[in-house]
Amino acid sequence: MSLSKILDRNNIKNCFILFLYILAFFLPLSEAAKQIAIVFLLLFGFIYIFKYKKGFKQKDYILYFGIGYILASSVSILFAFDKIEAFHGMLDVFKIISIFLIIREMKFEKKVVINFALILFFSFLITYIWAEYDLIRRITLRLKLNSIGHVNHTAIYIGIISIISLALFTAKESFTKNYRFIKVFSAVIFLISLYGIFVAASRAIMFSIPFIALMILYNSISLGKKDLLIVVLSALVIVVAIYSDHYILQKIHEGMYHTGRLQLWQASIDAWLHHNMLFGIGNGNSHFIDPRIYVPNIPFRQITHSHNTFITILLEKGIFGLITYSLFILFVLISLIKKFKKDRQNYITVIALAVYLLNILVSVVNTTFHDENGLLTGILWAMALQKRD
């Protein structure tokens, strides 16, 4: 077989989709396999874009500010305390934005999106059972999905899974021959993920997901018996989860207000003002800052991150990074709203908008749009914004 046939347009696209499925499976399971899948996604993706599409065709503000955000992350390396760490942070931004832009240019059949979601569900189920086993045996103190890590990152990932599963369950469209199986499986995954969210006990996710879930249900126009059943079961799951652990109740009673978080915001902004205001201190270099220099009574010795996505970007990538990121996600939102207005029942657009809302809500009190959660968020946005076959 000649090289030209191997590099055929359809073969390249099919290889890209294959590694997209592989990525979906290993996203919460294996760091090594996940990174290998990303490398091949970028390889086949760029071959497809530059060999067959002769570059990115959708030349709009999303493309320009996406590239601008990569550039901002790259320039910040020059002013970093640890340039190697900053370089790794830039690579993370490059992977997320590049894969987003590549997928947005492609044309997927809807079955590709469904398959991607089902693989995410199976992978989540395996990883969640593993995490619960570790929790029961006291190997971990809080719920942590294997390759996702930190409990807050785990909660965000589970939140995204819950959105996808509920949107598929409430979808009015008979998307495949296995329609009933997908409906039932989605309902099961939603209830499991909802329980997992409260076990993880990340307040931002616990307060956000029920609100977003109600919006998804409201958008389904008329609630049938199955929809009402999922509401009742969801309420029961939440009650059981809350009263299964005193720690969860304690977190809920604390609410979203946290003095230490406000002090971190103040220290981070002051640190930005005293360092490179244009390009920041480098990706992932916040922990080199001693917040006690700026806020004497703060109970932290370093800023691991600012517990606010926008302030973290401001500190690490400067005003250039904050502007390019903010405008990038703004124009993504505008495009998603336009898609939604054309078809309110398109479950792919509903998923993307709901994930967008989750990203914004959590951004206020945590750092989002990086690592696995940023990658999955970008993929879902891109799937909604592409021109589908």
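Cut-off values and rules
- Residues numbered from 1 in each chain as written.
- Predicted model: local features only at pLDDT ≥ 70, side-chain atom pairs only at ≥ 80, totals over all residues.
- Heavy atoms only, no water.
- Salt bridge = Lys/Arg side-chain N within 4 Å of Asp/Glu carboxyl O.
- Buried < 20%, exposed > 50% of the residue type's maximum accessible area, 1.4 Å probe, protein only.
- Helix = DSSP H or I, 4+ residues; strand = E, 2+ residues; numbered from the N terminus.
- Patch = residues over 30% accessible without salt bridge, like charges linked within 9 Å, V, L, I, M, F, W, Y side chains within 5 Å.
- Areas by Shrake-Rupley, 256 points an atom, 1.4 Å probe, with all protein chains shown as cover.
- Phe/Tyr/Trp six-rings, centres within 6.5 Å; stacked < 30°, edge-to-face > 60°.
- Lys NZ or Arg CZ within 6 Å of the ring centre and 35° of its normal.
- Axes fitted to C-alpha atoms, helices over the stretch in contact; angles between N-to-C directions.
- Parallel < 35°, antiparallel > 145°, perpendicular 65-115°, else oblique.
- Left-handed = near helix turned anticlockwise from the far one by under 90°.
- Contact = heavy atoms within 4.5 Å.
- Nonpolar A, V, L, I, M, F, W, Y, C, P; charged D, E, K, R; others polar.

Student: Please explain the pattern of salt bridges as it appears in this structure.
Tutor: Any two side chains of opposite charge can pair, given that their charged atoms come close. Tallied over the full model, the rule gives five salt bridges. Taking the shortest distance from any N to any O, the salt bridge between R292 and D290 comes out at 3.1 Å. The exposure class of D290 is partly exposed, given its relative accessible area of 23%. It is possible to trace a salt-bridge network through shared partners that takes in E31, K34 and E372.

Student: Explain the environment of V199 here, please?
Tutor: Note that V199 resides in helix α8 (residues 179-200). For the pair V199 and I242, spaced 43 residues apart in sequence, the C-alpha separation works out to 7.8 Å.

Student: I'm lost on a nonpolar patch on the surface in this one. Help?
Tutor: The grouping of I36, V39, F40 and L43 at the surface amounts to a nonpolar patch, some 360 Å² of accessible area in total. If you trace the backbone, L43 turns up in helix α3 (residues 31-52).

Student: I would appreciate a short explanation of the packing of aromatic side chains in the present structure.
Tutor: Under the defined criterion, the tally for this structure stands at 24 aromatic pairs. Judged by centre distance (6.2 Å) and plane angle (25°), the ring pair of F40 and F44 falls under stacked. Taken as a pair, F40 and F44 lie in helix α3 at a separation of four residues, close to a single helical turn. Assessed through its relative accessible area of 14%, F44 is described here as buried. Here F328 and F369 contribute two aromatic rings whose centre-to-centre distance is 6.3 Å and whose plane-to-plane angle is 50°, an arrangement assigned as tilted. Residue F328 is located in helix α13 (residues 309-342), and its partner F369 is located in the loop between α14 (347-363) and α15 (371-385); the two are separated by 41 residues in the primary sequence. Both residues of the pair, F328 and F369, belong to the buried class. Three or more aromatic residues joined by ring pairs form one cluster here, namely Y69, F100, F310, Y325, F328, Y356, F369 and W381. Across from the ring centre of F169, 5.9 Å away, lies the NZ or CZ of K183, which sits over that ring.

Student: Help me understand the environment of I197, please; the structure alone is not making it clear to me.
Tutor: Tracing the backbone shows I197 in helix α8. Overall, the relative accessible area of 0% leaves I197 in the buried class.

Student: Is there a simple way to explain the packing of α13 against α15 in this structure?
Tutor: For any two helices packed against each other, one specifies the inter-axial angle together with the distance between the axes. Close contact between α13 and α15 brings their axes to 10 Å; oriented N to C, the two are set at 45°. Taken as axis vectors, α13 and α15 run oblique relative to one another. The two elements α13 and α15 cross, and the hand of that crossing is left-handed. Contacts from F328, I329, V332, S335, L336 and K339 of α13 reach α15 at W381, A384 and L385. In terms of residue class, the contact of α13 with α15 is made up of seven nonpolar, one polar and one charged.

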